[in-house]
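What follows is the residue order along each chain.
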Amino acid sequence: MNSQRILILVFAAALTAGTCAANTVLFTVNVSPSTVSQQSLSVFINGSLINTPYLGAGQSSALVSVDESTWSPGWNSIEIDYGSISGTNGLTVNSNGTWAPPLATYNAVGTTINGLTGAYYTLDGTHQPATLFFTDYGETTLHYTGGTAPWSGPHNGFTFSSTSAFEEELTGYIYIGTGTPLLSLVPADQQSGDGAAPEAASWLLIATALPLMLFSKLRLSRARAHA
């Protein structure tokens, strides 16, 4: 086996290692356990719904096992829509055994910070978000109970209690995969969440391997012509 073909196999192996490695991310989502509470909950990663949308009374627990290879390793956009319609409010989103996974967002002046942005709305007569009354930057622990921070106290004239009716939209980024979740690598676009540096690396390997493949094929053709 000549050196050109060895190099081609090395690049092919590197491509396989870079694109096929995957881990499983396990999400658990819960709302208030009260059987008289009306809650709603949806969780999105990169704009794709990952849990069964929930609307009803009592606790909702969904174990969502998602193959990491369906997302880009690194920072991916996340959105959590929670509605407390009636009864005691409560929400937990657990990722791989922790309700405090690596999260990131941008604050009011555009600085990257840890946590997510929480936008709070009053509800209209059909339980849909009506008026934005409070925006909270840097919510790092996805475990909320009624009457405790950040679900506590009055905000811009809204009386916040353990039984308040409201909707919270949490947005930002969650870090998927190995490595260090550096804030400097958070995508500039709050909604893109692609963080796809490994994809660029794969294209680089393809671009490097292609000339070697063509050169090897050309040598083989010349050898056959002189045979």
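Small disclaimer: the values here were computed from a predicted structure and weren't measured.

1. Quick look at unusual backbone geometry
Cis peptide bonds are those with omega within 30 degrees of zero, and the linkage from A149 to P150 qualifies with 0 degrees. Following the sequence through the fold, P150 ends up in the loop between β12 (143-145) and β13 (166-176). Look at N46: it is not a glycine, yet its phi comes out positive at around 50 degrees. Inspection of the secondary structure puts N46 in the loop between β2 (38-45) and β3 (48-49). Judged by its relative accessible area of 31%, N46 falls in the partly exposed class. In this structure, N96 is a non-glycine residue whose phi angle is positive, near 50 degrees. Assignment of secondary structure puts N96 in the loop between β7 (90-95) and β8 (103-106).

2. Focus on the pairing of β2
Of all 8 residues in β2, 6 are buried; the element is thus mostly enclosed. Inspection of the sheet shows β2 paired to strand β6 (residues 74-86) by 8 bridges, in the antiparallel sense. The residue bridging V43 from the neighbouring strand is I80, located in β6. Taken together, the 2 bridges between β2 and β3 define a ladder with antiparallel strand orientation. Paired with F44 across the bridge in β3 is L49. Linking two consecutive strands that pair antiparallel, namely β2 and β3, is a turn of 2 residues; a positive phi of about 50 degrees is found at N46 within it.

3. Description of the packing of aromatic side chains
Taken as a whole and assessed by the stated rule, the structure comprises 13 aromatic pairs. Seen in terms of ring centroids, W75 and Y175 are 5.3 Å apart; in terms of plane orientation they differ by 75 degrees. Their pairing is edge-to-face. Highlighted residues: W75 in strand β6 and Y175 in strand β13, separated in sequence by 100 residues. You'll find W75 and Y175 in the same group, each marked buried. Centre to centre, the rings of F133 and F160 are 6.1 Å apart; their planes meet at 65 degrees, and the pair counts as edge-to-face.

4. A closer look at the nonpolar core
In terms of nonpolar packing, the biggest core is built from 28 residues, with F27, L41, I80, L91, L142, W151 and F166 touching the most fellow members. When residues of this core are traced back to their parent elements, those giving at least two are β1 (24-31), β2, β6, β7, β10 (116-123), β11 (129-139) and β13.

5. A closer look at the side chain of T117
Of note, T117 is situated in strand β10. Polar contacts involving the side chain of T117 include one to the side chain of T105, which spans 2.6 Å.

6. Side note on the environment of T135
One can find T135 in strand β11. Looking at T135, the relative accessible area reads 30%, which means it is partly exposed. The spatial distance from the C-alpha of T135 to the C-alpha of H155 is 9.3 Å, given a sequence separation of 20 residues. Apart from residues lying up to four places away in sequence, T135 is in contact with T117 and G118.

7. Quick notes on the confidence of the model for the protein
Per-residue confidence for the protein averages 73 on the pLDDT scale, and 63% of its residues sit at or above 70. Summarising per-element confidence for the protein, the mean pLDDT is lowest in helix α1 (residues 3-20) (36) and highest in strand β9 (residues 112-114) (97). When the criterion is pLDDT under 50, residues 1-22 qualifies, and its contacts beyond four places in sequence or with other chains add up to 22 contacts. Counted against residues more than four places away or in other chains, residues 191-218, with its pLDDT under 50, gives 37 contacts.

8. With respect to the side chain of E168
Positionally, E168 belongs in strand β13. When its relative accessible area of 1% is taken as the criterion, E168 is described as buried. A polar side-chain atom of E168 sits 3.1 Å from a polar atom in the side chain of W151. With residues near it in sequence (within four places) discarded, E168 still touches I80, D81, Y82, G118, A119, Y120, E139, Y144 and W151.

Cut-offs and rules
- Residues numbered from 1 in each chain as written.
- Predicted model: local features only at pLDDT ≥ 70, side-chain atom pairs only at ≥ 80, totals over all residues.
- Heavy atoms only, no water.
- Helix = DSSP H or I, 4+ residues; strand = E, 2+ residues; numbered from the N terminus.
- Buried < 20%, exposed > 50% of the residue type's maximum accessible area, 1.4 Å probe, protein only.
- Pairing = 2+ DSSP bridges.
- Phe/Tyr/Trp six-rings, centres within 6.5 Å; stacked < 30°, edge-to-face > 60°.
- Core = buried A, V, L, I, M, F, W, Y, C linked by side-chain atoms within 4.5 Å.
- Polar contact = N/O pair within 3.5 Å; in protein donor to acceptor, adjacent residues only side chain to side chain.
- Contact = heavy atoms within 4.5 Å.
- pLDDT = per-residue confidence, 0-100.

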